Amino acid sequence: MLAQYALRRILLAIPTVWLAATLVFIIVRLLPGDPALLMVGDAQDAQALELARRDMGLDQSLPTQYVLWLSSMASFELGESIAMGLPVRELIWARFLVTAQLAIPSILLALLIAVPLGLFAAAQHNKAVDRAAMLSSVVLLSVPSFWVALLLIMLFGVKLNWLPTVGYVSPAVNLTLAIQFALMPVLALSLTVIGQLTRMTRSTALDVLATDYVLFARAKGLSETTTLLRHVLPNAVAPTLTVAGMIFGSLLGGAAVIETIFTIPGIGRLLVDSIYARDYPVIQGAVLFVGFLYILVNMLVDLVYPLLDPRIRLQ
């Protein structure tokens, strides 16, 4: 049954990816500017401009360009970058690996803090701990991630001089230095996520605490800790994982603001730079890749649901 559900989700994802690819193609063509002119750099050289447009396929009609784009997407041949002259597929993959080094620790740190905090706040409903947790969540939700990043740079980078402010070092080159460079970006990303996940966990935990089976567990004499961990947590964490999956998908798609502030060569920074350069192949490939990741992550979260909630498995 689980395999059939996974196959059905994959089949449903195909038209979604096609729609995303079509929207990307249309939006990129609506961007102002001529990528051939940006590459040639001389508006008076008509011959060079015509040759550049021919090399990039811009001399073809829009329907022809669309068909070529779909065929290249289906074969995973996304062309070459206009600005950098590198294969788009290799460029996107290299930048994605950099972004993943930030996104994975950020979402794990957020879950490790938000789930216990939200569960504990629900258990202490309307008490001082609950109010403090909710106030902290509201503050974290209200603060933009770029402002958090700037505060972290001022505190840990400028005043205390504990951490490097900007840049990136690969873990394969120097693991210790890579961790130092990644600490502030990871904190900036995770802090803004913690508030949202804490509120979600608390809300679902409160609903579970009011159910009959939790009341029955308490009536049997189970301790509050056992009741929370055995009966409340598995049922309360499933909706939180759905929200976390959506956030994780967006983080994998590139936290462009954070990557720009810390000058990290991730996929978000690649997309921003490609938009400025009117690099059509990279913009199309990166946005399509981000959309595919988002769909994939949410599909995997849905497949994990039956492992957490037996009622879904029975359905």
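Residues numbered from 1 in each chain as written. Predicted model: local features only at pLDDT ≥ 70, side-chain atom pairs only at ≥ 80, totals over all residues. Heavy atoms only, no water.

### Quick look at the overall build of the protein chain
- The helix and strand inventory of the protein chain stands at 14 helices and zero strands.
- Helices and strands appear in the protein chain in the N-to-C order α-α-α-α-α-α-α-α-α-α-α-α-α-α.
- Looking at the protein chain residue by residue over its 315 residues, the buried ones come to 41%.
- Restricting the contact set of the protein chain to residue pairs at least 6 apart, pairs at least 24 apart contribute 72%.
- Here the protein chain has roughly 16900 Å² of accessible surface; of this, 69% comes from carbon and sulfur atoms. (Helix = DSSP H or I, 4+ residues; strand = E, 2+ residues; numbered from the N terminus. Buried < 20%, exposed > 50% of the residue type's maximum accessible area, 1.4 Å probe, protein only. Contact = heavy atoms within 4.5 Å. Areas by Shrake-Rupley, 256 points an atom, 1.4 Å probe, with all protein chains shown as cover.)

### Overview of the packing of helix α5 (residues 88–123) against helix α10 (residues 224–252)
- For the pair α5 and α10, interaxial distance at closest approach is 10 Å and the crossing angle is 150°. Looking at the two axes, α5 sits roughly antiparallel to α10. Here α5 runs over α10; the crossing is right-handed. Across from F96, T99, A100, A103, I104, S106, I107, L111, V115, L119 and A123 in α5, the residues of α10 making contact are L228, V232, L233, V237, T240, L241, A244, I247, F248, L251 and L252. (Axes fitted to C-alpha atoms, helices over the stretch in contact; angles between N-to-C directions. Parallel < 35°, antiparallel > 145°, perpendicular 65-115°, else oblique. Left-handed = near helix turned anticlockwise from the far one by under 90°.)

### Description of the nonpolar core
- Ranked by internal contacts, the top residues of the largest apolar core, which has 61 residues, are W69, I92, L197 and L252.
- When residues in this core are grouped by element, the largest group, 13 residues, is from α5.
- Non-local contacts of L252, meaning those with residues more than four positions away in its chain, are made with F96, T99, A100, A103, I267, L293 and V297. (Core = buried A, V, L, I, M, F, W, Y, C linked by side-chain atoms within 4.5 Å.)

### Comments concerning the side chain of T192
- Mapped onto the secondary structure, T192 falls in helix α8 (residues 175–209).
- One polar contact links the side chain of T192 to the main-chain carbonyl oxygen of L189, over a distance of 2.9 Å.
- When near neighbours in sequence (up to four residues on either side) are disregarded, T192 contacts L140, L141, V143, P144, S145 and V148. (Polar contact = N/O pair within 3.5 Å; in protein donor to acceptor, adjacent residues only side chain to side chain.)

### A word on the pattern of salt bridges
- The final tally for this structure, using the stated rule, is two salt bridges.
- Its salt-bridge partner being D130, residue R202 comes within 2.6 Å of it at the nearest N-O pair. Here R202 is found in helix α8, whereas its partner D130 is found in helix α6 (residues 128–142), with 72 residues between them in sequence. With respect to burial, R202 and D130 carry one shared label: buried.
- Note that R269 and D273 form a salt bridge whose closest N and O atoms lie 3.5 Å from each other. A residue pair is termed a helical-turn pair when its members lie 3 or 4 positions apart in one helix, as R269 and D273 do in helix α12 (residues 267–277) at four residues.
- Given a relative accessible area of 23%, R269 falls into the partly exposed group.
- With relative accessibility at 35%, the residue D273 sits in the partly exposed group. (Salt bridge = Lys/Arg side-chain N within 4 Å of Asp/Glu carboxyl O.)

### Topic: the packing of aromatic side chains
- Within this structure, the stated rule accounts for three aromatic pairs.
- Taking the centre distance of 5.4 Å and the plane angle of 35° together, the rings of W93 and F96 count as tilted. In this pair, W93 and F96 are both assigned in helix α5, three residues apart and thus about one turn of the helix distant.
- You can call W93 partly exposed: its relative accessible area is 47%.
- With a centroid separation of 6.0 Å and 35° between ring planes, the pair formed by F156 and W162 is classed as tilted. (Phe/Tyr/Trp six-rings, centres within 6.5 Å; stacked < 30°, edge-to-face > 60°.)

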